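What the coordinates show
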Amino acid sequence: MNIKFVEKCLKMPHAQEVGFYLVENEKVYVAIHDNGTRYFNSSQSSTVDEYIEHLNSDNFIELPRAVVNESQFNIGDTKLTGSVLNDGRRVIKDTSLFSALDRTRKGETRIEGFPPIIGSKSLATLLTEMYPQYLNQIMPFEVAQFNGSTGKWYDANTIPIICDLYMEAEKQGLISVNQAHVLERAKVLLRSLAKVGITALIDEATNYQEVRGKDELQLLLEQFIAEELRPYSKEFKSEYFEQLFKLYGLPYDPTTSKRPLYFAKFTRKYVYDLLPPNVWVEIDKQNPLLYDAEKDRSKRKYHIHRLLSEEHGIRYLREHLESLIPVMKLSKNMNDFKLNFEEVYADKIRKIKQMQDKYQLTLEDIDSNTNVK
């Protein structure tokens, strides 16, 4: 059993995984290299020696880790602390989320089963009734920070989710007098994020563009494409279509699923076109457009999202829609939306363009090699 001790094991950048063993309610932190060597903190050496037989995979809990040092950035006049995890998630420090919403933890109401940022029963009830799918995403979680310590962080997309929750609460008349200032802060944050997205803000503050290189989105095709056709699921919620009708200046009827054909073009351009280009090649191959002579139009046999993998493809789709809908809400019409979209997703659009150019060059290389006799 290869064991070594270091000062800060969680700071080791080349570990295959980092985390802790839970023994007698104590966390024994560890970094595991691909050769199986386990590195523990020197300060816990006596605990490791005593419980070595219990330090096994059954008691191991992996931690996400920051790949860049935490850095401060501004949303409007609010200073926040952000970082980026090894799985690509952009995160903000737990204290930053309270600052962003101009809230203090002192005297806060804690609702069992909900994150601390949900400080009232009315908001907790509204979240449960309308957005239950968001509950896990907005929970704080422990992160192995870049400096080798651990801390509580939130997914950065928690900000627009919470802001949207306050706006919905206002619509339903649920905002109390002492929540009014938080509501106003939420509106300011959403307006700011409609101009520059949270991902771009964190990437710029942490200089993540340089760390990740140009190939971050060049994910393996099998990560996005499912091995077999997924069962149908309703990935596009009614809220998405309600905002879409608003942008085009059309009345929204929630009792029918009939929608204009050009809505599909909107979804292709502003949702699916932000997939890696090689993924689209595979989608077109497995689920091509088929011409319907009777209706004089082309249509795919399956919903596109049924070809996406749960872990990466569907996760991308859900996270993208969660950030896209607030932009739709803050836009008055399609012209306004196009401007907001280009500002919010400027960084992602640029990356996709780089990938398209690189992918095209790869295809040209393949063609030239194929033609060599």
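Notes on the structure in this doc start here. Per chain, residue numbering runs from 1 following the sequence as it is written. Thresholds applied to this predicted model are a pLDDT of at least 70 for local features of residues and 80 or more for the giving and counting of side-chain atom pairs; totals over whole chains, interfaces and linings are not thresholded and use all residues. Remark: hydrogens and water are excluded; side-chain values derive from all non-hydrogen atoms of the structure.

**A look at the sheet that holds strand E9 (residues 141–144)**
So the rule is basically this: Paired strands are those between which DSSP finds at least two bridges. Helix and strand definitions follow DSSP, with helices as H or I runs of at least four residues and strands as E runs of at least two, each counted in order from the N terminus. To define axes, lines are fitted to C-alpha atoms, for helices over the stretch in contact only, and angles between the resulting N-to-C directions are given on a 0 to 180 degree scale.
Reading across from one edge, E6-E7-E8-E10-E9 is the order of the five strands in this open sheet, with antiparallel pairing throughout. Of all the strands in the sheet, the pair left with one neighbour each is strand E6 (71–75) and E9. For this sheet the average axis-to-axis angle between neighbouring strands, irrespective of direction, equals 55 degrees. Relative to strand E7 (residues 78–84), E6 runs antiparallel, the two being bridged by five bridges. Paired with Ile-75 across the bridge in E7 is Thr-78.

**Re the packing of helix H9 (residues 238–247) against helix H10 (residues 262–270)**
For the record, the criterion: An angle below 35 degrees is treated as roughly parallel, one above 145 as roughly antiparallel, one from 65 to 115 as roughly perpendicular, and anything else as oblique. Only heavy atoms enter the contact rule, under which two residues are in contact if any of them lie within 4.5 Å. When residues are grouped by polarity, Ala, Val, Leu, Ile, Met, Phe, Trp, Tyr, Cys and Pro land in nonpolar, Asp, Glu, Lys and Arg in charged, and all others, Gly among them, in polar.
Interaxial distance between H9 and H10 falls to 12 Å at its minimum, and their mutual angle equals 110 degrees. The pairing of H9 with H10 is recorded here as roughly perpendicular in orientation. Counted together, Tyr-240, Phe-241, Leu-244, Phe-245 and Leu-247 of H9 and Phe-263, Phe-266 and Thr-267 of H10 form the full contact between these two elements. Along the lines of polarity and charge, the residues of the contact of H9 with H10 split into seven nonpolar, one polar and no charged.

**Quick look at unusual backbone geometry**
Our working rule: Burial classification: accessible surface area is computed with a 1.4 Å probe over protein chains only, and a residue below 20% of its type maximum counts as buried, one above 50% as exposed, and the rest as partly exposed.
With phi around 55 degrees, Glu-24 is a residue other than glycine that occupies positive phi space. As for its placement among the helices and strands, Glu-24 is situated in the loop between strand E2 (17–23) and strand E3 (26–32). A residue is classified by how much of its surface remains accessible, and Glu-24, at 62% relative accessible area, is exposed.

**Section: the packing of aromatic side chains**
Heads up, the rule is: What counts as a ring pair is set by centres within 6.5 Å for rings of Phe, Tyr and Trp (its six-membered ring), and what kind of pair is set by the plane angle: stacked under 30 degrees, edge-to-face over 60, tilted for all other angles. The criterion is that NZ of a Lys, or CZ of an Arg, lies within 6 Å of the ring centre and within 35 degrees of the ring normal, and then a charge sits over that ring.
Tallied over the full model, the rule gives 19 aromatic pairs. Aromatic pair Tyr-21 and Phe-40: ring centres 6.2 Å apart, planes at 35 degrees, arrangement tilted. Of the two residues, Tyr-21 sits in strand E2 while Phe-40 sits in strand E4 (residues 38–41), which places them 19 residues apart along the sequence. Comparing Tyr-21 with Phe-40 shows no difference in burial state: the two are buried. Pairing Tyr-248 with Phe-263 gives two aromatic rings, centres 5.6 Å apart and planes at 25 degrees, and the pair type is stacked. Of this pair, Tyr-248 sits in the loop between H9 and H10 while Phe-263 is found in helix H10, placing the two residues 15 residues apart along the sequence. Three or more aromatic residues link up through ring pairs in this structure, and these residues are Tyr-240, Phe-241, Phe-245, Tyr-248, Tyr-252, Tyr-262, Phe-263, Phe-266, Tyr-270, Phe-337, Phe-341 and Tyr-345. Lying over the aromatic face of Phe-20, Lys-27 brings its terminal NZ or CZ to 4.9 Å of the ring centre. In this arrangement the basic side chain of Arg-259 is found over the ring face of Phe-241, its NZ or CZ atom lying 3.5 Å from the centre.

**Re the pairing of E4**
Each regular strand shows side chains that alternate between the opposite faces of the sheet. By the alternation rule, side chains of E4 split into Arg-38 and Phe-40 and Tyr-39 and Asn-41, which are all buried. Pairing between strand E1 (residues 3–6) and E4: four bridges, direction parallel. Bridge pairing in E4 places Val-6 opposite Asn-41. Direction of pairing for E3 relative to E4: antiparallel, over a ladder of three bridges. Across the sheet, Ala-31 pairs through a bridge with Tyr-39, a residue of E4. Joining the antiparallel neighbours E3 and E4 is a turn of five residues, in which Gly-36 adopts a positive phi near 95 degrees.

**Let's talk about the pattern of salt bridges**
Rule in force here: Salt bridges are counted wherever a side-chain nitrogen of Lys or Arg sits within 4 Å of a carboxyl oxygen of Asp or Glu.
One pass over the full model with this rule turns up 10 salt bridges. Salt-bridge contacts for Glu-70 lead to Lys-93; the nearest nitrogen and oxygen are separated by 3.0 Å. A residue pair is termed long-range when its members are at least 10 positions apart, and Glu-70 in the loop between strand E5 (60–62) and E6 and Lys-93 in strand E8 (residues 90–93) qualify at 23 residues. On the basis of relative accessibility, which here comes to 30%, the residue Glu-70 falls in the partly exposed class. Overall, Lys-93 belongs to the partly exposed group, its relative accessible area being 22%. When the shortest N-O distance is used, the salt bridge between Lys-187 and Glu-170 registers 3.1 Å. Of this pair, Lys-187 sits in helix H5 (residues 180–195) while Glu-170 sits in helix H4 (residues 158–171), and the two are 17 residues apart along the sequence. Residues participating in the shared-partner salt-bridge network are Asp-164, Glu-239 and Lys-329.

**Focus on the pairing of strand E12 (residues 297–300)**
Note that strand E11 (residues 289–292) and E12 share four bridges and pair antiparallel. When the bridges of E12 are listed, Asp-292 appears paired with Arg-297. Where E11 folds back onto E12 in an antiparallel hairpin, the turn is made up of four residues, including Asp-296, whose phi is positive at roughly 55 degrees.

**Regarding the sheet that holds E1**
The strand order E1-E4-E3-E2-E5 describes an open sheet built from five strands, whose pairing is mixed. Two strands close off the open sheet at either side, each with one partner strand: E1 and E5. Strand-to-strand, the axes of this sheet are offset by a mean angle of 35 degrees, without reference to chain direction.

**Here we look at helix H6 (residues 198–206)**
Along H6, the positions that sit buried rather than exposed are Ile-198, Leu-201, Ile-202, Asp-203 and Thr-206. Positive phi shows up at Asn-207, right after H6, with a value of about 60 degrees.

**A short note on the nonpolar core**
This is how the line gets drawn: Joining through side-chain atoms within 4.5 Å is the link that ties buried Ala, Val, Leu, Ile, Met, Phe, Trp, Tyr and Cys residues into a set, and such a set is a nonpolar core.
Counting 40 residues, the largest nonpolar core has Ile-75, Ile-118 and Ile-159 as the members making the most contacts within it. Elements represented by at least two residues in this core include exactly E6, E7, helix H2 (94–100), helix H3 (121–130), H4, H5 and H6. Listed in part, the 31 residues of the second largest apolar core include Ile-304, Met-334, Phe-337 and Phe-341.

Bear in mind that shape data such as this cannot, by itself, settle questions of function.
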